[in-house]
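Observations on the model geometry
Listed here are the chains, written in short residue letters.
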Amino acid sequence: DLMMAMIGSAVGLGNIWRFPNVLYSHGGGSFMIPYIVSLFLLGISFVLVEYAVGFKFKRSLARILFAVSKKLEPVAWFILLIVFLIATYYVCVVGWDLIYIVLSLTKAWGANPDLFFANNVLQATDSISGIFKIVPMVFASVFAIWFMAWFIIKRDLNDGIGNVSKVLLPVLCLIVVGIVAFSLTLPGASIGYTQIFTPDWSALTNLDVWLAAFGQIIFSLSLGMAIAMTYASYLPEGSKLVDNAVIVAFSNSGFEVFNSIGTFSILGFMALTTGMPFNELVTEGTGLAFVVFPQVFNTMGDVAYIIGPLFFICILFAGITSLIALLEGVCYSISEKFLIERKKTATAVCIVGFLISIIFTTAVGSTILGVFDAYLNNFALLFAILLECIIFGWIYKFDDLIEILNNNSSIKVGKTWKTVIKYILPICIAGLWIQGVMSTISTIDTLSSTIMLILTIVLIVVPIIFAKLPARNPHYYD
Ligand code: PFF
């Protein structure tokens, strides 16, 4: 059960919405090798750290970090703030999905889902002045999703919603299998899917592609956000931790790669029918999924009136459960330190979150969303993971973790894993990070640089304030 829950928490919008977009914007085949390498080097290796630490300490991230050193409290708030900021734009993608549930009832996107998404749903503009124009439909759906999230967290309905998604997640998988099978029969499909499996060796030296691969593994496996730590703290004695981690990581990546075969086949079909070059098929990359799936529903005939809405409803539930998981840790940590009632914390967190989300509902919202997404995963969380590697690899007694992992597992870890966490991963991350910062600085536009600057200041100042504020809970530092 718990393993299903872990796979369920990993499989989400990251697999269906984010992966195809990252794959598409990084040239398909050139992305796969860095992606597979990061799955092992970063994904599996680091999930093991989180499992071992969570299983050993059985408490919240902030308190685990105190146990290592009191000075580390700002690091915990830094991570929680990243998680919160991810939630603010995750809501918006779930909001788009909500709109598509309604649209799919009548296939209201018409014959050109790409233009429909950019012009009718997002009403996107390139001009910076678009930041002052709120798009009412997106605004309303973002509000609705925040309201649902607040309602669920406040009343502690998580179990209910979890049970619904336990049913809907397998349904989603079935629909995806159906869609992939159907897409493979479309004319031109092979133009698309061969892109994924034709490696472009020359791209291996492009560090931006590597950075994107690391970012995707982080988001999709929910790495560095203490999610796996929380789950592992519930695992019973005698659990096969390593086996568990490997299964979760492979299922998650298997699902997204499989799903992207469908997405790329549909793109191949679009390239054939429109005669457009493959890399110009989609106007707003952040919405790739909302272009490609409507496209396939258009070619499916009448069954699409059932499959379409069902598909978007499944995504809604997958999205809401992920959202709750993101917000839960934030609310828990705040009410634990300041002894604020859970309901009040949830209300405050959701109101602040909603106010931030409003920028994603403007006419430049999807562009800003892309900047948030790349910055938070490729830079902020990657940096947090570097810190966690140093904290657990160097400051904490690392050999204890090896023992915990190996106790009952049939797959054993040892020296190689230790070398990866202590040396190889930190060096790779640091290198990628520095190069990523430099290449971003040299190519960035004004809007993105302003957003990244603001995010950087917020991510430095707010965690320090939260750590400095005195705890009202007398047992907080016990
Ligand atoms: N891993 C999730 C996905 O791929 O959609 C994203 C996510 C969910 C991250 C929940 C964090 C989290 F707490």
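Our structure is the block above this text.
To keep things clear, this report deals only with the structure shown in the data block. Here the residue index of a chain counts from 1 through its sequence in written order. Given that the model is predicted, a residue must reach a pLDDT of at least 70 before its local features are reported, and side-chain atom pairs must reach 80 or more before they are shown or counted; all residues, however, enter totals for whole chains, interfaces and linings. The basis for the side-chain values is all heavy atoms of the structure; hydrogens and waters are excluded.

Here we take up the overall build of the protein chain. Along its length, the protein chain carries 19 helices and 0 strands. Between the two quantities, the radius of gyration covers C-alpha atoms and the globule rule is 2.2 Å times the number of residues to the power 0.38. Compactness check: the protein chain gives a C-alpha radius of gyration of 22 Å against a globular reference of 23 Å for 478 residues, within 12% of the reference. Overall, the protein chain is about 65 × 45 × 45 Å in size when its C-alpha atoms are taken along their principal axes. For each residue, the accessible area found with a 1.4 Å probe, counting protein chains only, is set against the maximum for its type, and the residue is called buried under 20%, exposed over 50%, and partly exposed in between. Across the 478 residues of the protein chain, 58% fall into the buried class. In this description a helix means any DSSP run of H or I spanning at least four residues, a strand means any run of E spanning at least two, and both kinds are numbered starting from the N terminus.

A rise of 1.5 Å per residue sets the reference length of helix α7 (residues 136–155), with its 20 residues, at 28 Å; its end C-alpha atoms lie 28 Å apart and thus fit the reference within 8%. Among the residues of α7, V138, S141, V142, I145, W146, A149, I152, I153 and K154 are the ones counted as buried. By definition in these notes, contact holds between two residues if any of their heavy atoms fall within 4.5 Å. Looking at the buried residues of α7, the elements they touch are α5 (73–106), α6 (113–121), α8 (158–184), α14 (304–338) and α15 (342–357). Looking one or two places after α7, you find D156, whose phi comes out positive at around 60 degrees. Multiplying 1.5 Å by the residue count of a helix minus one yields the expected span of that helix.

This part is about a nonpolar patch on the surface. A surface patch of nonpolar side chains, about 620 Å² in accessible area, is lined by L453, I457, I460, V461, I464, I465 and L469. Topologically, I465 is positioned in helix α19 (residues 446–468). Given a relative accessible area of 45%, I465 falls into the partly exposed group. Patches here: salt-bridge-free residues with over 30% relative accessible area, like charges joined within 9 Å, nonpolar side chains (Val, Leu, Ile, Met, Phe, Trp, Tyr) joined within 5 Å. Only the protein chains shown count as cover for residues, with accessible areas throughout obtained via the Shrake-Rupley method and a probe of 1.4 Å. Salt bridges are defined by distance alone: a side-chain nitrogen of Lys or Arg within 4 Å of a carboxyl oxygen of Asp or Glu.

Now for the environment of R59. In this structure, R59 sits in the loop between α3 (29–57) and α4 (61–68). Residue R59 is classed as partly exposed on the basis of its relative accessible area of 38%. For the pair formed by R59 and I457, sequence separation is 398 residues and the distance between their alpha carbons is 29 Å. Sequence-distant contacts of R59, that is, excluding residues within four places in its chain, are made with I64, A67 and D478.

Along the chain, the position of M229 falls in helix α11 (residues 227–234). It is 7.1 Å that separates the C-alpha atoms of M229 and F55, two residues lying 174 residues apart in sequence. Every residue in contact with M229, bar those within four places of it in the chain, is listed here: E50, V53, G54, L61, I64, E388 and F392.

Moving on to the site of the ligand. Consider each residue's heavy atoms; a residue with any of them within 4 Å of a molecule or strand counts as near. Taken together, 15 residues form the shell around the ligand, and within it G14, Y90, F219, S220 and I227 come nearest. Think of a polar contact as two N or O atoms within 3.5 Å of one another; within protein, one of them needs to be a possible hydrogen donor and the other a possible acceptor, and neighboring residues in sequence only count if both atoms come from side chains. Y90 is positioned with one of its side-chain polar atoms (N or O) 2.8 Å from an oxygen atom of the ligand. Burial of the ligand by the protein amounts to 100% of the accessible area it has alone, namely 330 Å². Elements supplying a minimum of two residues to the shell around the ligand: α1 (2–10), α2 (13–25), α10 (207–220) and α14. In the shell around the ligand, the residues fall into 8 nonpolar, 7 polar and no charged. Amino acids outside the nonpolar list (Ala, Val, Leu, Ile, Met, Phe, Trp, Tyr, Cys, Pro) and the charged list (Asp, Glu, Lys, Arg) are all regarded as polar, and Gly is one of them.

Turning next to α19. The end-to-end C-alpha separation of α19 is 33 Å, in line with the 33 Å expected for 23 residues at 1.5 Å each. Buried within α19 we find L447, S448, I451, M452, L455, L459, P463 and A467. The N-terminus of α19 is capped by D445, whose side-chain oxygen sits 3.2 Å from the backbone nitrogen of L447.

Two rings belonging to Phe, Tyr or Trp (six-membered ring only in the last case) form a pair when the distance between their centres is within 6.5 Å. Interplanar angles under 30 degrees mark stacking, angles over 60 mark edge-to-face geometry, and anything in between is tilted. Counting across every chain of the model gives 43 aromatic pairs. Aromatic side chains F143 and F354 sit 5.3 Å apart centroid to centroid with 75 degrees between the ring planes, which places their arrangement in the edge-to-face category. Separated by 211 residues along the polypeptide, F143 in helix α7 and F354 in helix α15 bring together distant segments of the chain. When the ring centre of F57 is taken as origin, the NZ or CZ atom of K56, which lies over that ring, is 5.7 Å away. Taking NZ or CZ as reference, K58 lies 4.1 Å from the ring centre of F55, over its face. Put simply, a charge is over a ring when the Lys NZ or the Arg CZ is close to the ring centre, within 6 Å, and near the line of the ring normal, within 35 degrees.

On to the nonpolar core, then. With 186 residues, the main nonpolar core has F311 and F392 as its most contacted residues. Setting aside chain neighbours within four positions, we find F311 in contact with I16, L172, I175, V176, I179, F293 and F297. Here, nonpolar core means buried Ala, Val, Leu, Ile, Met, Phe, Trp, Tyr and Cys residues that are tied together by side-chain atoms lying within 4.5 Å of each other.

The next subject is the packing of α5 against helix α16 (residues 365–395). Closest axis-to-axis distance for the α5/α16 pair is 10 Å, and the angle between their directions is 150 degrees. Looking at the two axes, α5 sits roughly antiparallel to α16. In the crossing of α5 with α16, the sense of the turn from one axis to the other is left-handed. Among the residues making up the contact of α5 with α16, the classes are represented as 19 nonpolar, 3 polar and 2 charged. Axis lines are fitted to C-alpha atoms, over the contacting stretch for helices. Their N-to-C directions set the angle, which ranges from 0 to 180 degrees. Angle categories: roughly parallel below 35 degrees, roughly antiparallel above 145, roughly perpendicular from 65 to 115, and oblique for all the rest. Handedness of each helix crossing follows the sense of rotation of the near helix against the far helix: counterclockwise by less than a right angle gives left-handed, clockwise gives right-handed.

Any functional reading would require information that these geometric values do not contain.
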